[in-house]
Amino acid sequence: ALLALASFAAGGPVALAQSPAAPAASTAVQPTDTLSRFFQWWNATFLVPGGYTAEGFAQWFTPDATLVIDGREVIRGVDAWAKHFTRIQAGGGQVEIVVPFKQVFQAGDRIYTYHVINSRRDGKTSCMLAAGHAELRGARIASIVLVRAALDPAKGPLDPQCWTD
């Protein structure tokens, strides 16, 4: 897996899709992998108050699906997925997982991703890079494992997909 991720990070031959910097929505290639399609649903649902439900997450996830961020399990089970993201949604602000991803590829039952996460709350905009993988069980996601790094505009240029206002 590490070799695949290293090849992926280097833009190796296993990459299935790579988005251009900040593509216009009308010209973006529509992704076909399950993880990208899930995050498209997630982005749209974020705009609907109360839209995150266990039934909604069950369309995408196994009943015991986990989310691990930076080495820590933060969610287990579709009920917890709904509660976690409802809490974030109710906190105000905006969040966007940029789809299409910067890079994505599938190897067996794993989908590897490198993508941008934008957020805005209380007038403050932030941007993160995230990399990791989703483990599939059948047609559903059994786990998502991500590492994230916040980008600081004071330390250098932001990724072109980051919000700047």
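Before any of the text, the structure's been laid out above.
Below is a summary of the structure that appears in this document.

Reading guide: rules and limits
Residues numbered from 1 in each chain as written. Predicted model: local features only at pLDDT ≥ 70, side-chain atom pairs only at ≥ 80, totals over all residues. Heavy atoms only, no water. Helix = DSSP H or I, 4+ residues; strand = E, 2+ residues; numbered from the N terminus. Buried < 20%, exposed > 50% of the residue type's maximum accessible area, 1.4 Å probe, protein only. Core = buried A, V, L, I, M, F, W, Y, C linked by side-chain atoms within 4.5 Å. Contact = heavy atoms within 4.5 Å.

**Thoughts on the environment of Val48**
Looking at the element boundaries, Val48 is found in the loop between helix 2 (34-46) and helix 3 (54-58). Looking at Val48, the relative accessible area reads 43%, which means it is partly exposed. Placed 41 residues apart in sequence, Val48 and Gln89 show a C-alpha to C-alpha distance of 9.0 Å.

**Digging into the nonpolar core**
Counting residues in each nonpolar core, the largest one holds 32 residues, and the members touching the most others are Phe38, Phe39, Trp42, Phe57, Phe61, Trp81 and Ile144. Listed by contribution, the elements that provide at least two residues to this core are helix 2, helix 3, strand 2 (61-69), helix 4 (78-90), strand 4 (94-97), strand 6 (110-121), strand 7 (124-137) and strand 8 (140-151). Element by element, the count of residues in this core is highest for helix 2, at six residues. Those residues in contact with Trp81, other than ones at most four positions away along the chain, are Phe57, Phe61, Ala65, Thr66, Leu67, Ile75 and Ile144. Listed in part, the five residues of the second largest apolar core include Val98, Val116, Leu129 and Cys162.

**Brief notes about unusual backbone geometry**
Looking along the chain, the bond that leaves Val99 and enters Pro100 is cis, with omega of 10°. One non-glycine residue, Asp70, adopts positive backbone phi at about 50°. Structurally, Asp70 can be placed in the loop between strand 2 and strand 3 (72-76). Taking the relative accessible area as the measure of exposure, Asp70 reaches 45% and is therefore partly exposed.

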